[in-house]
Amino acid sequence: MFVEKPVKTWRPGQPLRDEAFLSFGELADYQAQRYGKWTSSSFMTSFSHLIFRGAFDSEPLDHLPFVDFMTIDQSLRYLQIPMIGTQFDKKSNMLADSAEFLGYGCANSDDVIVRLALMHQWFEYGPERRTAEELTSYKKELLTREFEYYPNVVQGFLNDTLIAKEKLQEWYRLRGTSVPWPLASNDNALTLNPAKKPSIISATESRNTPRGRPPKSAWTFIKHRSRQLKRADQNLLNKVIASMVLDEATSDFNKDDLPAHSTVVKELGKILNGV
């Protein structure tokens, strides 16, 4: 959105490698191509809400020895957000009049909210939001809205935010489904946490993985998609939602991994509670 083919910067970690990252805008397009019935904007609503809730956050590596810390590519662990700002003009000895795209920087969900508030204020004359209370209120406001109703600069910022494919591969694997981008249908089967390598998924999410006998692998998709459908249309009956999600799931899961329609209908009362 901001510039074409920018010179990328980073902090901390190694230089960003184009082939190692996807923007959320690209990811939403792939998801829309996979399912056909839903637009990229609808998937961006889901991805944006996940970003705001910290689903893609990474835990700090404070417990690692310094030598090990220096060998880890931090850029793969964090979101990479567009860095917009003014540069110092040596000729005038003053800051430039206009903001420009400077590159990408590592970020978690709190950083995203701060930057979105600034972007809205700078480019679309939104209100000034600086205190923790104002930023929390802004996040809650964004969580109640669909992506297509966000300010244009907020949409552009989120579309341009990058995430490492490696991080996404593990995220999809934990949900029992394959990644949506081309030539990578088996990537989710890879083990991304070899010995001595820290997880790129937050410790909170890892702790939430159920123990004991594993549920059918399609359940994570069914839960997420059912909530998405219910938020989009509160009048949908549970039996209709069950039919829709099972119909979509048949293209990505084996028949043995899919629960019965009656079982999904029964569970939707709990799944959709509070949606």
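Just above sits the structure.
Keep in mind the model is a prediction, meaning the values are calculated, not measured.

(A) Representation of the overall build of the chain in the model. In terms of helices and strands, the chain carries eleven helices and six strands. Burial statistics for the chain: of 275 residues in total, 44% are counted as buried. A fraction of 66% describes how many contacts in the chain between residues 6 or more apart in sequence connect residues 24 or more apart. Surface summary for the chain: the accessible area is close to 15,500 Å², and the carbon and sulfur share equals 52%.

(B) Layout of the packing of aromatic side chains. One pass over the structure, following the stated rule, counts seven aromatic pairs. Site record: aromatic cluster; members linked through ring pairs are F24, F47, F56, W171 and Y172. Over the ring of Y138 we find R129, and its NZ or CZ is 3.9 Å from the ring centre.

(C) How the structure looks around helix α11 (residues 261–271). Burial in α11 covers these residues: V264, L268 and I271. Summarising the axial view, the buried residues of α11 lie within an arc of 65 degrees, below the 170-degree limit, and thus occupy one face. Of the exposed residues in α11, those oriented more than 90 degrees away from the buried face are S262, K266 and K270. In this fold, the buried residues of α11 make contact with α9 (219–232) and α10 (238–249).

(D) Structural detail: the pattern of salt bridges. Scanning all chains against the criterion turns up five salt bridges. Residue R173 pairs with E170 through a salt bridge whose shortest N-O separation is 3.8 Å. Linking R173 with E170, this pair stays in helix α7 (residues 165–174), spanning three residues, or about one helical turn. Judged by relative accessible area, R173 falls into the partly exposed class, the value being 28%. For the salt bridge of E267 with K270, the shortest nitrogen-to-oxygen distance reads 3.1 Å. Pair noted here: E267 and K270 are both in helix α11, with a separation of three residues, about one helical turn.

(E) How the structure looks around the packing of α9 against α10. The interhelical angle for the contact between α9 and α10, taken along N-to-C directions, is 130 degrees, at an axis separation of 10 Å. If you check the angle between α9 and α10, you find them oblique. α10 is crossed by α9, and the crossing has right-handed handedness. On α10, the residues that touch F221, I222, R225, S226, L229 and K230 of α9 are I241, M244, V245, L246, E248 and A249. For the contact of α9 with α10, the residue count by class is eight nonpolar, one polar and three charged.

(F) Spotlight on the pairing of strand β5 (residues 100–107). Of all eight residues that make up β5, six are buried, and the element is covered over most of its length. Here strand β2 (residues 79–85) runs beside β5; their pairing, made up of seven bridges, is antiparallel. Paired with I84 across the strands is F101, a residue of β5.

(G) Examining the nonpolar core more closely. Counting 64 residues, the largest nonpolar core has F24, F52, F56, L116 and L158 as the members making the most contacts within it. If we skip the residues at most four places from it in the chain, L158 touches F24, M44, S48, I51, F52, V112, L116, F147 and Y150.

Definitions and cut-offs
- Residues numbered from 1 in each chain as written.
- Predicted model: local features only at pLDDT ≥ 70, side-chain atom pairs only at ≥ 80, totals over all residues.
- Heavy atoms only, no water.
- Helix = DSSP H or I, 4+ residues; strand = E, 2+ residues; numbered from the N terminus.
- Buried < 20%, exposed > 50% of the residue type's maximum accessible area, 1.4 Å probe, protein only.
- Contact = heavy atoms within 4.5 Å.
- Areas by Shrake-Rupley, 256 points an atom, 1.4 Å probe, with all protein chains shown as cover.
- Phe/Tyr/Trp six-rings, centres within 6.5 Å; stacked < 30°, edge-to-face > 60°.
- Lys NZ or Arg CZ within 6 Å of the ring centre and 35° of its normal.
- Arc of directions from axis to C-beta.
- Salt bridge = Lys/Arg side-chain N within 4 Å of Asp/Glu carboxyl O.
- Axes fitted to C-alpha atoms, helices over the stretch in contact; angles between N-to-C directions.
- Parallel < 35°, antiparallel > 145°, perpendicular 65-115°, else oblique.
- Left-handed = near helix turned anticlockwise from the far one by under 90°.
- Nonpolar A, V, L, I, M, F, W, Y, C, P; charged D, E, K, R; others polar.
- Pairing = 2+ DSSP bridges.
- Core = buried A, V, L, I, M, F, W, Y, C linked by side-chain atoms within 4.5 Å.

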